[in-house]
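# Tertiary structure, described
Each chain, written out:
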Amino acid sequence: MSELAFAPNYVELIRFLLEPFMEAPDTLRIHAEFSPATSRIWIRLAFAGEDKGRVYGRGGRNLQAIRAVLKAAAQATGQQIYLDVYGDHKSEPKINNHEGDRRGRPHRRSYPSSRRQS
């Protein structure tokens with residue numbers, strides 16, 4: 001038997017993990033895509049904007065914990081999983097700034113040096 005025969009049902013797992021945080025769980029939309037050649041799974045979530053704060057949690061902790069559970073489940077079957085979150089089905093995808101990207105961060109001001117240059 002292949003490892004995929006015992007692969008978890010990621011859609012139901014995500015639904016189980018997210019619905020307790022949501023006021024309107026019927027707005028939750030989950031799309032899963034599997035690539036058998038690379039053993040990668042892409043999951044896309046969409047939900048009502050009112051639930052955004054509750055799903056993300058303080059500082060993104062809820063979503064971070066859900067990603068950790070998904071990653072552990074995927075690693076147990078030799079797969080890789082990626083999770084993209086959309087605010088709702090009408091909105092654009094959330095763009096995460098990379099560490100080297102300065103957009104969205106406060107601009108550092110440079111002040112003249114108090115030393116005299118000769």
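Figured I'd write up the structure that's included with this text. Predicted model only: the values in this text are computed from it and were never measured.

## A closer look at the overall build of the chain
Each helix and strand counted, the chain has three helices and three strands in total. Listing each helix as α and each strand as β along the chain from the N terminus yields α-β-β-α-α-β. A burial count over the chain gives 24% of its 118 residues as buried. Nonlocal contacts in the chain, meaning residues at least 24 apart in sequence, comprise 57% of its contacts between residues at least 6 apart.

## With respect to the sheet that holds strand β1 (residues 29-35)
On the basis of which strands lie adjacent, the open sheet formed by three strands has the order β1-β2-β3 and mixed pairing. The sheet is open, and its two borders are formed by β1 and β3 (80-86), each paired with just one other strand. For this sheet, the mean inter-axis angle between neighbouring strands, taken without regard to orientation, is 15°. By the bridge criterion, seven bridges tie strand β2 (residues 40-46) to β3 in an arrangement that is parallel. Note on β3: the bridge partner recorded for W42 is Y82.

## Some thoughts on the side chain of S35
Along the chain, S35 falls in strand β1. At 3.1 Å, the side chain of S35 forms a polar contact with the side chain of T38.

## What to know about helix α3 (residues 61-76)
A rise of 1.5 Å per residue sets the reference length of α3, with its 16 residues, at 22 Å; its end C-alpha atoms lie 23 Å apart and thus fit the reference within 8%. Every buried residue of α3 is accounted for by L63, I66, L70, A73 and A74. Relative to the axis of α3, the buried residues are bounded by an arc of 100° and lie together on one face. Exposed side of α3, more than 90 degrees from the buried face: R61, Q64, Q75 and A76 are the residues found there. The inward-facing, buried residues of α3 contact α1 (10-18), α2 (52-56) and β3.

Calculation rules
- Residues numbered from 1 in each chain as written.
- Predicted model: local features only at pLDDT ≥ 70, side-chain atom pairs only at ≥ 80, totals over all residues.
- Heavy atoms only, no water.
- Helix = DSSP H or I, 4+ residues; strand = E, 2+ residues; numbered from the N terminus.
- Buried < 20%, exposed > 50% of the residue type's maximum accessible area, 1.4 Å probe, protein only.
- Contact = heavy atoms within 4.5 Å.
- Pairing = 2+ DSSP bridges.
- Axes fitted to C-alpha atoms, helices over the stretch in contact; angles between N-to-C directions.
- Polar contact = N/O pair within 3.5 Å; in protein donor to acceptor, adjacent residues only side chain to side chain.
- Expected span 1.5 Å × (residues − 1).
- Arc of directions from axis to C-beta.

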